[in-house]
Amino acid sequence: MTLSVEPSEVPESLDLAPKLIDSVEASPLPNGANGFHEFVQCHKGQLKTYVPEYLELDKIIVQNADVIQVEQLAHIPINNIHLPIPLLTIGSPETSQTTLLITASIHGVERIGTQALLAWLQSLLQRFRWDSLWRSQFEEEVALVIMPMVNPAGMYLNQRANGNGVDLNRHAPIEAEDPVPFLLGGQRISNRLPWYRGKKAGAVEIEFTVLESVIERFTQPNKPVLALDIHSGFGFRNQLWIPYAFRRQPISDVPLYMALKILWERNYPNHNYLFEPQSTAYLSHGDVWDYFHRKCQMEGKLLMPLTLEMGSWNWIKKRPIQLLSFSGLFHPTVPHRHARVLRQHLGLMDFLLAATRNFEQWKPTGDQWFAMEQVALSMWYQDL
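Bear in mind that the values here come from a model prediction, so they are computed numbers and not experimental data. (Residues numbered from 1 in each chain as written. Predicted model: local features only at pLDDT ≥ 70, side-chain atom pairs only at ≥ 80, totals over all residues. Heavy atoms only, no water.)

(A) Representation of the overall build of the protein chain within the structure. A tally of helices and strands in the protein chain yields 14 helices and eight strands. Relative to its full complement of 384 residues, the protein chain shows a buried share of 55%. Once local pairs closer than 6 in sequence are excluded, the contacts in the protein chain between residues at least 24 apart make up 80%. Accessible area for the protein chain stands at about 16300 Å²; split by element, carbon and sulfur atoms hold 52% of it. (Helix = DSSP H or I, 4+ residues; strand = E, 2+ residues; numbered from the N terminus. Buried < 20%, exposed > 50% of the residue type's maximum accessible area, 1.4 Å probe, protein only. Contact = heavy atoms within 4.5 Å. Areas by Shrake-Rupley, 256 points an atom, 1.4 Å probe, with all protein chains shown as cover.)

(B) Focus on the environment of H293. Tracing the backbone through its elements, the reader meets H293 in helix α9 (residues 288–298). In sequence terms H293 and I251 are 42 residues apart; their C-alpha atoms lie 9.8 Å from each other. Ignoring anything within four residues of it in the chain, the contact list for H293 reads Y244, I251, D253, Y257, L303 and P305. Within polar-contact distance, the side chain of H293 engages the side chain of D253 at 3.1 Å. (Polar contact = N/O pair within 3.5 Å; in protein donor to acceptor, adjacent residues only side chain to side chain.)

(C) Here's a closer look at the packing of aromatic side chains. Enumeration over the complete set of coordinates arrives at 17 aromatic pairs. Consider the rings of W241 and Y282, whose centres lie 5.9 Å apart with planes at 85°: the pair is edge-to-face. Here the residue W241 occupies a position in strand β6 (residues 238–242), and Y282 occupies one in the loop between β7 (273–277) and α9, the gap between them amounting to 41 residues. On the accessibility criterion, W241 (1% relative accessible area) is buried. (Phe/Tyr/Trp six-rings, centres within 6.5 Å; stacked < 30°, edge-to-face > 60°.)

(D) Highlighting the pairing of strand β3 (residues 98–104). Summarising burial for β3: seven of the seven residues are buried, a large majority. Direction of pairing for β3 relative to strand β4 (residues 142–147): parallel, over a ladder of six bridges. Bridging across to β4, L101 finds its partner in V145. With six bridges connecting them, β3 and strand β5 (residues 225–232) associate as parallel partners. (Pairing = 2+ DSSP bridges.)

(E) Summary view of the packing of helix α8 (residues 254–267) against helix α14 (residues 367–380). Packing of α8 against α14 brings their axes to within 8 Å, and their N-to-C directions diverge by 80°. Of the possible angle classes, the one that applies to α8 and α14 is roughly perpendicular. Between α8 and α14, the contacting residues are V254, P255, L256, Y257, M258, A259, K261 and I262 on the first element and W369, M372, E373, V375, A376, M379 and W380 on the second. For the contact of α8 with α14, a count of residues per class yields 13 nonpolar, no polar and two charged. (Axes fitted to C-alpha atoms, helices over the stretch in contact; angles between N-to-C directions. Parallel < 35°, antiparallel > 145°, perpendicular 65-115°, else oblique. Nonpolar A, V, L, I, M, F, W, Y, C, P; charged D, E, K, R; others polar.)

(F) Layout of the pattern of salt bridges. With the rule as written, the count across this model stands at 15 salt bridges. Between D66 and R129 there is a salt bridge; the shortest N-O distance is 2.9 Å. Here D66, found in the loop between α3 (53–63) and β1 (69–78), pairs with R129, found in helix α4 (residues 112–130); they are 63 residues apart in sequence, far enough to count as distant. Overall, D66 belongs to the exposed group, its relative accessible area being 58%. (Salt bridge = Lys/Arg side-chain N within 4 Å of Asp/Glu carboxyl O.)

(G) Region of interest: the packing of α3 against α4. Running from N to C, α3 and α4 cross one another at 10°; their axes reach a closest spacing of 11 Å. Classified by the angle between their axes, α3 and α4 sit roughly parallel to one another. The handedness of the crossing between α3 and α4 is left-handed. Taking contact as the criterion, the partners of E53, E56, L57, I60 and Q63 in α3 are, on α4, T114, Q115, L118, L121, Q122, L125 and R129. (Left-handed = near helix turned anticlockwise from the far one by under 90°.)

(H) Geometry of the nonpolar core. I90, W120 and L260 are the most contacted members of the largest nonpolar core, which has 100 residues in total. In terms of residue count, α4 provides more of this core than any other element does, nine residues in total. Non-local contacts of W120, meaning those with residues more than four positions away in its chain, are made with L100, I102, L144, I146, L346, M349, D350 and L353. (Core = buried A, V, L, I, M, F, W, Y, C linked by side-chain atoms within 4.5 Å.)

(I) Structural context of the environment of K59. Among the secondary structure elements, K59 is positioned in helix α3. Along the chain, K59 and H37 lie 22 residues apart, while their C-alpha atoms are 8.7 Å from each other.

(J) Main features of the sheet that holds β3. An order of β1-β2-β4-β3-β5-β8-β6-β7 is seen for the eight strands of this open sheet, with the pairing classed as mixed. Each edge of the open sheet is held by one strand with a lone partner, namely β1 and β7. Neighbour to neighbour, the strand axes of the sheet diverge by 20° on average, direction disregarded. Summarising the sheet, β6 and strand β8 (residues 303–310) pair through three bridges and their orientation is antiparallel. For Q239, the partnering residue across the bridge sits in β8 and is E309. Packed onto the sheet, helix α12 (residues 346–357) meets β3, β4, β5, β6, β7 and β8 and runs at close to 150° relative to β3.

(K) Representation of the environment of E177 in the model. With respect to the element layout, E177 can be found in the loop between α6 (152–157) and α7 (206–218). Judged by relative accessible area, which is 39%, E177 ranks as partly exposed. A sequence separation of 69 residues divides E177 from F246, and the C-alpha atoms of the two residues are 6.1 Å apart. Residue contacts for E177: discarding those within four places in its chain leaves F246, R247 and Q249. At 3.4 Å, the side chain of E177 forms a polar contact with the side chain of R247.

Structure (structure tokens):
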């Protein structure tokens, strides 16, 4: 199925002429699993203090070098170190029938997203060893692409923005159609304030360029790609957001999202996720997944982005002292609560892997497409 976008629906800010991936430079350090391991061992003490997730990732890679393919897409300079942006693949994304892409820590301080992703990856790889049916899905049916640290400089500095003070999820060249919340919706006033988008028509941040190159590389016409971007720091409930953030009108492929929601709720009737469009919470400029989704539509590619927003306000409600720490706004500090979060989302990611692999079994067609659209309009957009 090929999705199309009517010219009138494309925002003027969505300039598809320049290819941002042209600015990616060759990696200055050794690539692959060996290069990544060499980097971690060389800077082990420093990483243990500032970004211990690198050590956990390296351990997973070393133990599963026969399964995981590793690339270092770029190296981000911060202080006296160059932090790699790693890309992990299981299976063959170039030839597989479907692909699941999972990203985390696009906001550096939200490192619980990386930790939850690595916990799921460990679970997946353990099952890979003993479950032959589980293992066989990666031969042709589905491939897994993981970017566990989109913003490593932000993680190192324990801040939301990257090393240049730019909020990467407000950085895409797409403007909201309606008023956005002050600052929260994205601002160009100063990088000293949160949610800074970067200068208009200014240089593109390398992390955004790298993410765009991954989307460009692994999306193909008539090949479904589901994407999950993991965040924390908003709300009292776990939320699964579908696009859009830049407009309140329905996404053109909203029947797919409604079919996925129904599939999820039938299989996990006791889940605690709120599944709805992001626009019901707030609008913002520069959302990367709005941009990539619409760009893929114009290129005849099927990309289905989802955002997992962990309900971190609930952690604060149970332990208000976390307000005294900036990272406490985004990360559970009590050990048992932290462990609960790491296991809480395993079922969701297992489900998304299965849904990606079986996309043709649940996607609505014909009258089902119309029916799913009507359900979505009545549930999510009845106030429009």
